[in-house]
Amino acid sequence: MSILFYFIAPFMAATIMHARSKNTEKVNRGFVFNHYKLTYRRRMIRSLWNIPIFILIYLGIYWITDLNSTEYIILGMMFILLGLLDFLYNFVKWQKHEKEISFSER
């Protein structure tokens, strides 16, 4: 099986899940497997819960692979940057959505 399959299959699955839940009611309480069914507040909370998972993945890569110190630093910085960008994106969208709701209630 081609390595390309490992990149195409998750992309297709995410696209299908996004399309199926695009116009559905967003969930703000309880557990939902589908990321796209969550409100931006819940997505932000989920991104905070992913921090320990990122740390475990990083430690697993550290123990299993034989990279030099520069590569470990770059990998760690990528994990931090992606996690921070995900958190900030969801925070900004949540704040924007809250402002829209408060303006529509007036």
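These notes cover the structure that comes with them. (Residues numbered from 1 in each chain as written. Predicted model: local features only at pLDDT ≥ 70, side-chain atom pairs only at ≥ 80, totals over all residues. Heavy atoms only, no water.)

### With respect to the overall build of the protein chain
Phase 1: Each helix and strand counted, the protein chain has three helices and zero strands in total.
Phase 2: Its helices and strands taken in sequence order, the protein chain reads α-α-α from the N to the C terminus.
Phase 3: Against the globule reference of 13 Å for 106 residues, the protein chain gives a C-alpha radius of gyration of 18 Å, more extended than a compact globule.
Phase 4: Expressed as lengths along the three principal axes of its C-alpha atoms, the size of the protein chain is roughly 60 × 30 × 20 Å.
Phase 5: Here the protein chain, with 106 residues, has 13% of them falling under the buried criterion.
Phase 6: Across the protein chain, every contact between residues at least 6 apart in sequence was considered, and the portion connecting residues at least 24 apart equals 25%.
Phase 7: For the protein chain, the accessible surface area stands at approximately 8900 Å², while carbon and sulfur atoms represent 70% of it.
Phase 8: Averaging the positions of the 13 positive and the 7 negative side-chain charges in the protein chain gives two centres separated by 9 Å. (Helix = DSSP H or I, 4+ residues; strand = E, 2+ residues; numbered from the N terminus. Rg over C-alpha atoms; globule rule 2.2 N^0.38 Å. Buried < 20%, exposed > 50% of the residue type's maximum accessible area, 1.4 Å probe, protein only. Contact = heavy atoms within 4.5 Å. Areas by Shrake-Rupley, 256 points an atom, 1.4 Å probe, with all protein chains shown as cover. Lys, Arg positive; Asp, Glu negative; His and termini not counted. Charge placed at Lys NZ, Arg CZ, Asp CG, Glu CD.)

### Digging into the side chain of Ser47
Phase 1: Tracing the sequence through the fold places Ser47 in helix H2 (residues 40-64).
Phase 2: Beyond its immediate sequence surroundings of up to four residues, Ser47 is in contact with Asp86 and Phe87.

### Looking at the environment of Phe31
Phase 1: If you trace the backbone, Phe31 turns up in the loop between helix H1 (5-20) and H2.
Phase 2: The class of Phe31 is exposed, set by a relative accessible area of 70%.
Phase 3: Measuring from C-alpha to C-alpha, the distance between Phe31 and Phe103 comes to 29 Å, with 72 residues separating the pair along the chain.

### Let's talk about the side chain of Arg43
Phase 1: Mapped onto the elements, Arg43 comes out in helix H2.
Phase 2: Although Arg43 is buried, it makes no salt bridge; Asp86 carries the closest opposite charge, 7.7 Å away.
Phase 3: A polar atom in the side chain of Arg43 sits 3.4 Å from the backbone oxygen of Leu38.
Phase 4: With residues up to four places along the chain from it excluded, the contact list for Arg43 reads His35, Tyr36, Leu38 and Asn90. (Salt bridge = Lys/Arg side-chain N within 4 Å of Asp/Glu carboxyl O. Polar contact = N/O pair within 3.5 Å; in protein donor to acceptor, adjacent residues only side chain to side chain.)

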